[in-house]
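# Remarks on the overall topology
So the chains spell out like this:
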Amino acid sequence: MKDTIVAIATAFQEGAISIIRLSGDQALLIADSLFSKDLMHAKSHTITYGYIKDPLTQELVDEVLVSVFLAPKTFTRENIVEIHCHGGTFITKKVLRLCLANGARLAEKGEFTRRAFLNGRIDLTQAEAIHDMIMAQNDVHTKMAMQGIKGSVRRLLEPLIQDVLDIIANIEVNIDYPEYDDVVQLTNTMILPTAKQWVEKIDAILQQAESGKVLKEGIKTAIVGKPNVGKSSLLNALLEEEKAIVSDVEGTTRDLVEGSIVLHGITLHLIDTAGIRDTEDKVEKIGIQRSRKAIEEAQLVIVVLDGSKHLDEQDEELLALAKEKTHLIVYNKADLVQKKRDGISVCAKHGEIDGLMQALQELYASHKLVVDTPLLANERQIALILRAKKAMQQAIEAMHQGFELDLVEIDIQDAYMSLKEILGEAHREDLLDTLFTNFCLGK
Ligand SMILES: Nc1nc2c(ncn2[C@@H]2O[C@H](COP(=O)(O)OP(=O)(O)OP(=O)(O)O)[C@@H](O)[C@H]2O)c(=O)[nH]1
Ligand SMILES: [Mg+2]
């Protein structure tokens, strides 16, 4: 932790500017030894214009701006210096080498953020949110990441951690002064009800996390139906491009065709499937197997029916398959019928799919609200909160069975530690290693 680390903080490719970032006790000293002006007396959070020079030869290497940030009000809580040099890859590397030659060590992936975490400037969920922000691909991602950076997960968990601490305090008082309280009464009036409410709160958080996941990752959507009902036409209409082949030959689509759309902030990952029917054609058979699998794996199934025809056995069979899933039923070829059917009618061929768009929007409207509430951000956090929940449920079970409170406390301690681990306050080194190596160099 004591070394001063250095890395190129910008993308390593030709550009207008590159930033080389130093963090640590020696950051200022190292930068000063390479700079044409005095940096040792630079005020914190200021930028100085000058030249990088090679201290051995005194040769001027580049014209730069140098930002100085003095601890503790910095990203890592250590001294940080950022050298803004010209953005060529060769010159950037040259400046980096000068830093290395003058006492800095090359940073590992994510090491700046790791220091920010270890020095207590951010918790682990905030570190994760920084990574999410860098990886963000759309508005929903950035909004969620921004919440996380501001510490929303900590705010979400703090009351729950406090509840657990209250329970533990009550138990310990009781263990220390058994004569003071009636154990059965304490359990029934305070500990059990608090524990049960606590589990309910966890459930609510888990449910919102699920919605958050839907928003973040999108919804796997399978378009299914008999051959020729217009599945590929519907995919094309939704994507507004001619992605899948459309023809009046039954069995046109033989493999899965995919594409994504964003509907009011919700991403649908659409999969057009091979029409499901009995067939002897080998290739088509494989396609149909994949279609069944696509239904199984889908989070939403859009069943396409030919609205100009009566439903037959195969349609019914498909509807039965889809029933297990969140699904929408769409009657296509509305242009061929006089009287509109109840339900969603569309004409995929002419791109008239408003009814479907509306239904999709209504289906996921409740998820959208979630973006602005604090959420658990990833599987690590969800897994830990599930572990906390399980531990508390075990504690409740033990109380019901009349176990001694000091035995119950072990489970409750476990719940407490799991929540602390989400914030990185009870962490294991090896887990931190895997987490931070996902980061870019210089972050
Ligand atoms: N009249 C009319 N024809 C349509 C409509 N949608 C699709 N079709 C036609 O129906 C035929 C089959 O369309 P596809 O989109 O290839 O149907 P599919 O369900 O993907 O068929 P398979 O891939 O063979 O399972 C084509 O001739 C389309 O032009 C529609 O809304 N109205
Ligand atoms: Mg098709």
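One can find the structure itself at the top, above this paragraph.
Structural notes, computed from the coordinates. The structure presented is a predicted model; accordingly, all values stated were derived computationally and were not measured. (Residues numbered from 1 in each chain as written. Chains lettered and ligands numbered in written order. Predicted model: local features only at pLDDT ≥ 70, side-chain atom pairs only at ≥ 80, totals over all residues.)

### Quick word on the overall build of the protein chain
Put simply, the rule is: Counting from the N terminus, the helices are the DSSP runs of H or I reaching at least four residues and the strands are the DSSP runs of E reaching at least two. With the radius of gyration taken over C-alpha atoms, the globule rule is written as 2.2 Å times the number of residues to the power 0.38. The burial criterion counts other C-beta atoms lying within 10 Å of a residue's C-beta, which is placed from the backbone; the residue is buried at 20 or more, exposed at 12 or fewer, and partly exposed between these limits. Throughout, a pair of residues is in contact if the C-beta atoms placed from their backbones lie within 7 Å.
Secondary structure summary: the protein chain contains 15 helices and 12 strands in total. Here the C-alpha atoms of the protein chain give a radius of gyration of 30 Å, more than 25% beyond the 22 Å that 2.2 N^0.38 yields for 443 residues. Projected onto its principal axes, the C-alpha coordinates of the protein chain cover approximately 85 × 80 × 35 Å. Counting only residues that meet the buried cut, the protein chain has 39% of its 443 residues in that class. Put simply, 63% of the contacts in the protein chain that link residues at least 6 apart link residues at least 24 apart.

### Some details on the pairing of strand β8 (residues 257-263)
This is how the line gets drawn: We treat two strands as partners when DSSP finds at least two bridges between them.
For β8 and strand β9 (residues 266-272), the ladder comprises 7 bridges, and the chain directions are antiparallel. In the sheet register, S260 faces β9, and the bridge partner there is H269.

### Focus: the sheet that holds strand β2 (residues 17-23)
Two modes of strand pairing occur in sheets, parallel and antiparallel, and in both the strands are linked by backbone hydrogen bonds. This is how it is decided: Each axis is a line fitted through C-alpha atoms, and for a helix only the stretch in contact is used; angles between axes span 0 to 180 degrees, taken between their N-to-C directions.
As summarised here, the arrangement of the 6 strands in space is β3-β4-β5-β2-β1-β6, forming an open sheet in which the pairing is mixed. Unpaired on one side and paired on the other, β3 (46-53) and β6 (105-106) mark the two borders of the sheet. Bridging between β3 and strand β4 (residues 60-69) involves 8 bridges; their strand directions are antiparallel. The partner of Y49 across the bridge, within β4, is L65. Packed onto the sheet, helix α2 (residues 89-101) meets β1 (5-8), β2, β3, β4, β5 (80-86) and β6 and runs at close to 15° relative to β2.

### What to know about the nonpolar core
Let me state the cut-off plainly: Put simply, a nonpolar core is a cluster of buried Ala, Val, Leu, Ile, Met, Phe, Trp, Tyr and Cys residues tied together by C-beta atoms within 7 Å. Domain delimitation in this document rests on an assignment produced automatically or drawn from a domain database.
The biggest cluster of nonpolar side chains holds 70 residues, and the ones touching the most others in it are V6, L22, A31, V81, I83 and C99. The residues that make up this core include at least three from each of domain 1 (5-118) and domain 2 (152-214 + 378-424). Ignoring anything within four residues of it in the chain, the contact list for I83 reads I20, A31, I52, V64, V66 and V95. Membership of the second largest hydrophobic core comes to 38 residues, among which are I219, I271, A294 and Y331.

### Description of the site of ligand 1
What counts, and what does not: Nearness here is judged by the C-beta atom: place it from the backbone, and if it falls within 6 Å of a molecule or strand, the residue counts as near that partner. All amino acids are sorted into three groups, where Ala, Val, Leu, Ile, Met, Phe, Trp, Tyr, Cys and Pro are nonpolar, Asp, Glu, Lys and Arg are charged, and the leftover types, Gly among them, are polar.
Surveying the vicinity of ligand 1 reveals 24 residues, the closest of which are G230, S232, T253, G275 and K349. Ranked by the residues each element gives to the shell around ligand 1, the list is headed by helix α8 (residues 231-239), at 3 residues. Partitioning the shell around ligand 1 into residue classes produces 7 nonpolar, 11 polar and 6 charged.

### Looking at the sheet that holds strand β7 (residues 219-225)
The sheet built from 6 strands is open, its strands ordered β8-β9-β7-β10-β11-β12 with mixed pairing. The open sheet is flanked by β8 and β12 (344-345), the only strands paired with a single partner. Two strands pair when backbone bridges link them, and strand β10 (residues 300-306) and strand β11 (residues 327-332) are joined in this way by 6 bridges, in the parallel orientation. Bridge pairing in β11 links V303 to I329. Sheet contacts for α8: β7, β8, β9, β10 and β11; angle to β8, the most-contacted strand, approximately 40°. Together, β7, β10 and β11 form the strand contacts of helix α10 (residues 313-323), whose direction differs from that of β10 by roughly 165°.

### Notes on the packing of helix α6 (residues 152-176) against helix α14 (residues 405-422)
To characterise two packed helices, one gives the angle between the axes of the helices and the distance between these axes. Selection rule: Relative orientations are named as follows: roughly parallel for angles under 35 degrees, roughly antiparallel for angles over 145 degrees, roughly perpendicular for angles from 65 to 115 degrees, and oblique for any other angle. In a left-handed crossing the near helix is turned counterclockwise from the far helix by less than a right angle, and in a right-handed crossing that turn is clockwise.
The interhelical angle for the contact between α6 and α14, taken along N-to-C directions, is 160°, at an axis separation of 10 Å. One element, α6, and the other, α14, form an angle in the roughly antiparallel class. Relative to α14, α6 is oriented so that their crossing is left-handed. On the side of α6, the interface is formed by V153, L157, L160, I161, V164, I167, I168, I171, N174 and I175, while α14 contributes L405, D406, V408, E409, I412, Q413, A415, Y416, L419 and I422. Split into classes, the residues belonging to the contact of α6 with α14 amount to 16 nonpolar, 2 polar and 2 charged.

### A few points about the environment of G225
Inspection of the secondary structure puts G225 in strand β7. With 27 C-beta atoms counted inside 10 Å, the residue G225 sits in the buried group. Measuring from C-alpha to C-alpha, the distance between G225 and I302 comes to 8.4 Å, with 77 residues separating the pair along the chain.

### Some words on α6
Selection rule: Take the number of residues in a helix, subtract one, and multiply by 1.5 Å to get its expected span.
With 25 residues, α6 ought to run about 36 Å at 1.5 Å a step, and its terminal C-alpha atoms sit 36 Å apart, in line with that. Of all the residues in α6, the buried ones are S152, V153, L156, L157, V164, I167, I171 and N174.

### Some remarks on the packing of helix α4 (residues 124-135) against helix α5 (residues 139-149)
With their axes 8 Å apart at the nearest point, α4 and α5 run at an angle of 155° to one another. Taken as axis vectors, α4 and α5 run roughly antiparallel relative to one another. α4 and α5 meet at a crossing whose hand is left-handed. On α5, the residues that touch T125, Q126, E128, A129, I130, D132 and M133 of α4 are H141, T142, M144, A145, G148 and I149. Class assignment of the residues belonging to the contact of α4 with α5 gives a composition of 6 nonpolar, 5 polar and 2 charged.

### Structural notes on unusual backbone geometry
Between A71 and P72 the backbone carries a cis peptide bond, its omega angle lying at 5°. Secondary-structure assignment places P72 in the loop between β4 and β5. Even without being glycine, H45 reaches a positive phi, approximately 60°. By the element assignment, H45 lies in the loop between α1 (27-34) and β3. Among the residues examined, H45 registers 11 C-beta atoms within 10 Å and is labelled exposed. Even without being a glycine, N228 presents a positive backbone phi close to 75°. You can see N228 is positioned in the loop between β7 and α8.

### Some points on α8
Of all 9 residues in α8, 8 are buried; the element is thus mostly enclosed. Those residues of α8 that sit buried are K231, S232, S233, L234, L235, N236, A237 and L238. Those residues of α8 hidden inside the fold are in contact with β7, β8, β9, β10 and β11. Two residues or fewer past α8, E240 is found with a positive phi of approximately 55°.

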